Amino acid sequence: MESTTAPVKPQFSEAAKAEIARLLTHYPDDRKKSALLPLLHIAQAEFGGWVSPEVQDLVAETLGLKPIEVYEVSSFYTMFNLKPVGKHVLEICRTGPCMLRGSDELTANLERITGAKVGETSPDGLFTLKEVECLAACGTAPIVQVREKYYEQLDSPEAVDAMLNELRNMVHRPLLPWEQTGLQHTQQ
């Protein structure tokens, strides 16, 4: 017998709704679309580190947009995850200066150590590897960004191990600025 229960539609927490309302005061009523990027960040933090199509629909509904307008933006920027991710998303810079300083070797080492290929999550669910374009830290390449933190000069096994150990030992991911004011979030 098939279930007749409809899937639960995602909803923002009360704290997220309050933050969204606060953010929207910064934009004219006829320019709510300008708040799309900040709302996608809130949605990603609120719903486990990624924005599913249902969550993107919620963002569209919140801003009075067509869902395609949200899909276009979320799929354009690499900072938005469109599928489930590990607790830590390691964004590896792959542009020329980082390649000259060893980003290909760094990527190969991270794949070997974590057991995940680029675009995948490690078997333990801790790390997702993602290649990104320039992180604007060419002088300290090769570099990995995890949330708002840069891990620079990852050109030695010791530096890579130090980064991974720091991340493994993190009990909770760092709070984002709006979360520090009370937004409840799901654990990644």
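- Labelled according to an unreviewed UniProt entry, the chain appears under the name NADH dehydrogenase, originating from Solirubrum puertoriconensis.
- Check the Sequence similarities (unreviewed entry) section of the UniProt entry for the chain; it says "Belongs to the complex I 24 kDa subunit family."

Notes on the overall build of the chain
- Helix and strand content of the chain: 7 helices and 4 strands.
- Listed by position from the N terminus, the elements making up the chain come as α-α-α-α-β-α-α-β-β-β-α.
- Burial analysis of the chain (188 residues in total) assigns 41% to the buried set.
- By sequence separation, contacts in the chain at least 24 residues apart represent 61% of the contacts at least 6 residues apart.
- Only carbon and sulfur atoms are counted for the fraction: they give 56% of the accessible area of the chain, which is about 10400 Å².

Some details on helix H7 (residues 157–168)
- Under the 1.5 Å per step criterion, the end-to-end length of H7 is 16 Å for 12 residues, consistent within 8% with the ideal 16 Å.
- When H7 is considered as a whole, its buried residues turn out to be Val160, Met163, Leu164 and Leu167. In an axial view of H7, the angular spread of the buried residues amounts to 90 degrees, which keeps them on one side of the axis.
- In this structure, the buried residues of H7 make contact with strand E1 (88–93), helix H6 (103–114), strand E2 (127–132), strand E3 (144–146) and strand E4 (149–151).

Regarding the UniProt feature "binding site: [2Fe-2S] cluster" (unreviewed entry) in the chain
- As annotated in UniProt, the feature "binding site: [2Fe-2S] cluster" (unreviewed entry) corresponds to Cys93, Cys98, Cys134 and Cys138 in the numbering used here. Across 46 residues, the annotated set stays spatially compact, with a maximum C-alpha separation of 9.4 Å.
- Considering the arrangement of structural elements, one finds Cys98 in helix H5 (residues 96–100).
- Looking at Cys98, the relative accessible area reads 1%, which means it is buried.
- The residues touching Cys98, leaving out its near neighbours within four places in the chain, are Cys93, Ser103, Ala141, Pro142 and Ile143.
- The residue Cys138 is located in the loop between E2 and E3 in this model.
- Sequence-distant contacts of Cys138, defined by excluding residues within four places in its chain, comprise Pro97 and Arg101.

A look at the packing of aromatic side chains
- Enumeration over the complete set of coordinates arrives at 2 aromatic pairs.
- Summarising the aromatic geometry, the rings of Phe12 and Phe47 are spaced 5.7 Å apart at their centres and angled 55 degrees between planes, so their arrangement reads as tilted. Taken together, the residues Phe12 in the segment before helix H1 (14–24) and Phe47 in the loop between helix H2 (36–46) and helix H3 (53–63) connect sequence positions 35 residues apart. Accessibility assignment for this pair places Phe12 and Phe47 in one class, buried.
- Look at Phe76 and Tyr77: their rings are 4.9 Å apart centre to centre, the planes differ by 90 degrees, and that puts the pair in the edge-to-face class.
- A residue is classified by how much of its surface remains accessible, and Phe76, at 63% relative accessible area, is exposed.

So, the pattern of salt bridges
- Using the criterion set out here, one finds 8 salt bridges in the structure.
- With a shortest N-O distance of 3.4 Å, Lys17 and Glu14 are connected by a salt bridge. Of this pair, Lys17 and Glu14 both sit in helix H1, 3 residues apart, roughly one helical turn.
- Here Lys17 falls in the partly exposed class, since its relative accessible area comes to 37%.
- Between Glu19 and Arg22 there is a salt bridge, and its shortest N-O distance comes to 2.7 Å. Residue Glu19 and its partner Arg22 are located together in helix H1, separated by 3 residues, close to a single helical turn.
- The buried category is assigned to Glu19, whose relative accessible area is 10%.
- The partly exposed category is assigned to Arg22, whose relative accessible area is 43%.
- What you see here is one network of salt bridges that share partners, running through Arg94, Glu131 and Glu133.

What counts, and where the lines are drawn
- Residues numbered from 1 in each chain as written.
- Predicted model: local features only at pLDDT ≥ 70, side-chain atom pairs only at ≥ 80, totals over all residues.
- Heavy atoms only, no water.
- UniProt positions renumbered as here; feature names shortened; annotations may be inferred.
- Helix = DSSP H or I, 4+ residues; strand = E, 2+ residues; numbered from the N terminus.
- Buried < 20%, exposed > 50% of the residue type's maximum accessible area, 1.4 Å probe, protein only.
- Contact = heavy atoms within 4.5 Å.
- Areas by Shrake-Rupley, 256 points an atom, 1.4 Å probe, with all protein chains shown as cover.
- Expected span 1.5 Å × (residues − 1).
- Arc of directions from axis to C-beta.
- Phe/Tyr/Trp six-rings, centres within 6.5 Å; stacked < 30°, edge-to-face > 60°.
- Salt bridge = Lys/Arg side-chain N within 4 Å of Asp/Glu carboxyl O.

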